[in-house]
Amino acid sequence: MTAIEVSEIVAALAVAEPRAKAHAAIALASRAQALSAAGQPVVVGVNTSVPTNPGRPDKPELVNPSSLARRGLGSQAGRVALLHSLAHIEFNAIDLALDAVARFRGQPAGYDSDWLRVAGDEGQHFLLVADRLEVLGSFYGALPAHDGLWTMARRTEHDVLVRMALVPRILEARGLDVAPPMIERLENAGDSESAAILQRIYTDEITHVAVGNRWFRSVCEQRNLDGADVFRDLLRGGHSVWLRGPYNDAARLQAGFDPAELALIREMEAEYRSAQAANHGVDTSG
Ligand SMILES: [Fe+2]
Ligand SMILES: [Fe+2]
């Protein structure tokens, strides 16, 4: 069995056709699993230049998040809109996981296989949602989407610590908060097929956030940093914009957050909201 070359991961990142990218990620994940089970090196190679922007299809059109329509889940159009935005998240998540491996070389044993497993899961999530969209008479690319996830990838590309702190622990963790009520709303709307897909994704996402927590802590330890201080500094640096309760504490604890971090997240959200309210006050009085 030959190890995966970094260039193969870069090649998967470059794939623009969504289903082809998903299959490439799934194939890399299963090789990674076999290699790590055999006790062999999983990914070899360094210093490959990782593209700033991965391959993207012509559609969906990328627009400002505020211009995206929000619909209730009672109608098929509303459910299609939800599944379309989810397909877009999963598609970006494939690239985020592949990028974490290709960009941040030289991490401790287990890092590459953890993130390739995540990449494979995201590929499967994408295919599940894309298939469901087609059953409902739509397809990935039929609606516009936004580029928030890749923007966060760009903002965190300089440092594995910042990437681990903000992408899995903020963005993916947000998925844990919003999924259970969405699953319930889909069930109530009689769409148990879509609900089952979201349930499967939710279960996997707990393990992805756990991977993020594991490597965030590992990098803090390597650099002799206090994780709570690092996290607080990053949130103060403007990233609190992503914090929005209510939080799913049970799932977050299961994913390896500790109670002090959950308290810190609430504290930082409150700090951000009161600063925002104060700014807003100045704006409107002027
Ligand atoms: Fe996912
Ligand atoms: Fe994920």
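Up top is the structure these notes are about.
Quick caveat, the model's predicted, so the values are computed rather than measured.

The rules behind these values
- Residues numbered from 1 in each chain as written.
- Chains lettered and ligands numbered in written order.
- Predicted model: local features only at pLDDT ≥ 70, side-chain atom pairs only at ≥ 80, totals over all residues.
- Helix = DSSP H or I, 4+ residues; strand = E, 2+ residues; numbered from the N terminus.
- Buried ≥ 20, exposed ≤ 12 C-beta atoms within 10 Å, placed from the backbone.
- Arc of directions from axis to C-beta.
- Core = buried A, V, L, I, M, F, W, Y, C linked by C-beta atoms within 7 Å.
- Contact = placed C-beta atoms within 7 Å.
- Axes fitted to C-alpha atoms, helices over the stretch in contact; angles between N-to-C directions.
- Left-handed = near helix turned anticlockwise from the far one by under 90°.
- Parallel < 35°, antiparallel > 145°, perpendicular 65-115°, else oblique.
- Nonpolar A, V, L, I, M, F, W, Y, C, P; charged D, E, K, R; others polar.

Caption draft 1: Main features of the environment of Leu 82. On the secondary structure map, Leu 82 appears in helix α3 (residues 76–103). Spatially, the C-alpha atom of Leu 82 lies 9.3 Å from that of Met 182, the residues being 100 residues apart in sequence.

Caption draft 2: Quick peek at helix α8 (residues 227–236). By the burial criterion, the buried members of α8 are Gly 227, Phe 231 and Leu 235. The buried side chains of α8 occupy one side of the element, clustering within an arc of 65 degrees when seen end-on. For α8, the exposed residues lying more than 90 degrees away from the buried face are Asp 229, Asp 233 and Arg 236. Of the residues flanking the end of α8, it is Gly 238, one or two places downstream, whose phi is positive at about 110 degrees.

Caption draft 3: The arrangement of the nonpolar core in detail. Ranked by size, the top nonpolar core spans 75 residues in total, and within it Ile 9, Ala 25, Leu 28, Leu 98 and Ala 119 carry the most contacts. Looking at this core, the elements that each hand over two or more residues are α1 (6–14), α2 (18–37), α3, α4 (111–135), α5 (148–155), α6 (160–188), α7 (192–222) and α8. By residue number, the principal contributor to this core is α3, which donates 16 residues. Among all residues touching Ala 119, those that are not within four sequence positions of it are Ala 25, Leu 28, Ala 29, Ile 94, Ala 97 and Leu 98.

Caption draft 4: Highlighting the packing of α2 against α4. Two elements in contact, α2 and α4, have axes separated by 8 Å at closest approach and are oriented at 145 degrees. Crossing geometry of α2 relative to α4 is assigned as left-handed. Residues Pro 18, Arg 19, Ala 22, His 23, Ala 25, Ile 26, Leu 28, Ala 29, Ser 30, Ala 32, Gln 33 and Ser 36 of α2 lie in contact with α4, whose contacting residues are Asp 112, Ser 113, Leu 116, Arg 117, Ala 119, Gly 120, Glu 122, Gly 123, Gln 124, Phe 126, Leu 127 and Ala 130.

Caption draft 5: A look at the environment of Asp 99. Residue placement: Asp 99 occurs in helix α3. Along the chain, Asp 99 and Trp 115 lie 16 residues apart, while their C-alpha atoms are 9.1 Å from each other. The residues contacting Asp 99, other than those within four sequence positions of it, are Leu 13, Val 50 and Ala 153.

Caption draft 6: Broad picture of the packing of α3 against α4. Relative to each other, α3 and α4 sit at 160 degrees, their axes nearing to 8 Å. Taken together, the axis directions place α3 and α4 in an arrangement best described as roughly antiparallel. As α3 runs across α4, the sense of the crossing is left-handed. Of the residues belonging to the contact of α3 with α4, the class tally is 19 nonpolar, 3 polar and 4 charged.

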